[in-house]
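Chain and residue survey
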Amino acid sequence: MKYALIAGGSRGIGAATAVEFARRGWGVAVNYHRSQREAHSLVEQLRGMGVPALAVQADVSDRGAVMDMVEYVLGQFPQLDILVCNAGVADVDLVTHMDETRWRRLFGVNVDGMHYCVQGVLPYMIGRKQGCIVTMSSMWGQVGGSCEVAYSATKGAVIGYTKALAKEVGPSGIRVNCVAPGVIDTEMNGALTGEDLAALAEETPLGRIGQPEEVARTIAFLASEASSFLTGQVLAPNGGLVI
Ligand code: NAP
C-alpha cells in the first residue's frame, strides 16, 4: 500500500485526487486550510472506501505549520510515499492593480507553500531513497495569462522548481513531476460566467472544459509505478487548449 499527503486536498482537484488514490487502495492525508467540514467528510468517504485516511489542518504558506503537519502525518502513517503540492489560489486583475498583499499571498501559497511541503518531506524521502512528488502548475505557467500575471508567474516558478528539484533528488530515488491543467470545473473558476466557460470550451480542441477527476488521474499516473521512468516532466491535461 502507498501513503500520500495531498496539500490542498479538501476541495476541487485535490479532493478528486484523494478519491482516485483511495480507489487505487492508497492511504491519504488530506490537508486543508479553511474547509474543515469538507475535509472531514472527504476523510469519512475515503475510510468508507477501505483505506486509511486523515485530515490535517495547515496553511501551507506558514512554514512552521507545514513542518508540524508533516511530523503529524509521519507519526500517523507507517510510511509516506507521495506528496502532492496541490494547494493553490488564483487572483484575476490587471498587473497595475495587484497590490503587495495580493502579490505576496499568491507567491506565499502557490510557491512558498509548495517549497515548505517539499522541504518538510524531503529528509524523510531521501532517508528512504524513494518517494514521489507531484507539483501543480497551470497552462498559464506555460504560456502566461492576461490579467493573471502574478498567478502565471507563480505557476511558471512551479515548473522551474520542479525541473531543478528533479535533477537534485533523482540520485536519491525521488521522482518529481508537474501537472499543468487547462480550464477545470472547480470553485477556482467560480467567478467565470456561463458565457465565459462556453467561450473557453469552444477554444479547446476537445470542445469542453475539464473535470477534476481527469486531472486526478494524471496526478495518480505520475504518482504510480506506471510513470517509473518519468521525472522533471510537465503533463498538461488541458483538452489541447495549449499545445
Ligand atoms: P479550489 O477548488 O479553489 O481548491 C483549492 C484547494 O487549495 C482547496 O483545497 C484549499 O483548501 C487549498 N488551499 C488554498 N489555500 C491554501 C493554504 N494557504 N493552505 C492549504 N491549502 C490551501 O481549486 P482547484 O481548481 O481544485 O485548484 C487546485 C490546484 O490546481 C491549484 O494549485 C490551482 O492553481 C491549480 N489549477 C487549477 C485550474 C482550474 O482550472 N481549476 C487550472 C490549472 C491549475 P481550503 O478550502 O481548505 O482552504
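Here is a short report on the structure shown in this document. These numbers were taken from a predicted model, which means no experiment stands behind them.

For the rest of this paragraph, the subject is the pattern of salt bridges. Tallied over the entire structure, the rule returns 10 salt bridges. Of the charged contacts in the structure, one is a salt bridge between K2 and E225, with a shortest N-O distance of 3.1 Å. Here the residue K2 occupies a position in the segment before β1 (3-7), and E225 occupies one in the loop between α8 (212-223) and β7 (234-235), the gap between them amounting to 223 residues. Relative accessible area serves as the criterion here: at 57%, E225 is assigned to the exposed category.

A separate point is the layout of surface pockets. In this approach the atoms are scanned with a rolling probe the size of a water molecule, which exposes any empty space left behind. Empty space within the largest pocket amounts to approximately 1300 Å³. As for the largest pocket, its lining consists of 47 residues, and the residues nearest its centre are G88, V89, A90, T186 and M188. Among the elements of the structure, α1 (12-23), β2 (27-32), α4 (100-128), α5 (139-143) and α6 (149-169) are those that each provide at least two residues to the lining of the largest pocket. Here the element with the most residues in the lining of the largest pocket is α4; it accounts for 4 residues. Considered as a void within the structure, the second largest pocket measures approximately 200 Å³ in volume. Around the second largest pocket, the lining comprises 13 residues; the ones closest to its centre are K2, Q130, G131, C132 and E225. Among the residues making up the lining of the second largest pocket, the classes are represented as 3 nonpolar, 5 polar and 5 charged.

Okay, the packing of aromatic side chains next. With the rule as written, the count across this model stands at 3 aromatic pairs. With a centroid separation of 4.8 Å and an interplanar angle of 50°, the aromatic rings of Y3 and F77 are classed as tilted. Residue Y3 is located in strand β1, and its partner F77 is located in the loop between α3 (63-76) and β4 (82-85); the two are separated by 74 residues in the primary sequence. For K2, the ring lying beneath its charged end belongs to W26, and the centroid distance is 5.9 Å.

Turning our eyes to something else, we now look at the site of the ligand. Within the structure, the ligand sits among 31 residues, and R11, I13, S35, Y151 and T186 are positioned closest to it. Between the ligand and D59 there is a distance of 2.8 Å, counted from a nitrogen atom to a side-chain nitrogen or oxygen. Within the side chain of K155, a nitrogen or oxygen atom sits 3.0 Å from an oxygen atom of the ligand. Relative to its free-state accessible area of 890 Å², the ligand is covered by the protein chains to the extent of 95%. One can see that the ligand is located within the largest pocket. Looking at the shell around the ligand, the elements that each hand over two or more residues are α1, β2 and α6. Counted by class, the shell around the ligand contains 13 nonpolar, 13 polar and 5 charged residues.

On to unusual backbone geometry, then. Phi angles above zero are rare outside glycine, and K129 is one such case at about 60°. Taking relative accessible area as the criterion, K129 reaches 54% and is therefore assigned exposed. Although it is not a glycine, C147 sits at a positive phi angle of roughly 65°. Here C147 is to be found in the loop between α5 and α6. On the basis of relative accessible area, C147 is assigned to the partly exposed category, the value being 29%.

Interhelical geometry of α1 versus α8 gives an angle of 55° and a closest axis separation of 8 Å. Classified by the interaxial angle, the pair formed by α1 and α8 is oblique. Relative to α8, the crossing made by α1 is right-handed. Every residue of α8 that contacts α1 at G12, I13, A16, T17, E20 and F21 is listed here: P212, E213, V215, A216, R217, I219, A220 and A223. Of the residues in the contact of α1 with α8, the class split is 9 nonpolar, 2 polar and 3 charged.

Reading guide: rules and limits
Residues numbered from 1 in each chain as written. Predicted model: local features only at pLDDT ≥ 70, side-chain atom pairs only at ≥ 80, totals over all residues. Heavy atoms only, no water. Salt bridge = Lys/Arg side-chain N within 4 Å of Asp/Glu carboxyl O. Helix = DSSP H or I, 4+ residues; strand = E, 2+ residues; numbered from the N terminus. Buried < 20%, exposed > 50% of the residue type's maximum accessible area, 1.4 Å probe, protein only. 1 Å grid on protein atoms, 1.4 Å probe; cavity = no way out; pocket = protein on both sides within 12 Å on 5 of 7 lines; lining within 4 Å. Points joined across faces, edges and corners; volume = space filled by probe spheres on them. Nonpolar A, V, L, I, M, F, W, Y, C, P; charged D, E, K, R; others polar. Phe/Tyr/Trp six-rings, centres within 6.5 Å; stacked < 30°, edge-to-face > 60°. Lys NZ or Arg CZ within 6 Å of the ring centre and 35° of its normal. Near = heavy atom within 4 Å. Polar contact = N/O pair within 3.5 Å; in protein donor to acceptor, adjacent residues only side chain to side chain. Areas by Shrake-Rupley, 256 points an atom, 1.4 Å probe, with all protein chains shown as cover. Sits in = over half its atoms within 2 Å of the grid points. Axes fitted to C-alpha atoms, helices over the stretch in contact; angles between N-to-C directions. Parallel < 35°, antiparallel > 145°, perpendicular 65-115°, else oblique. Left-handed = near helix turned anticlockwise from the far one by under 90°. Contact = heavy atoms within 4.5 Å.

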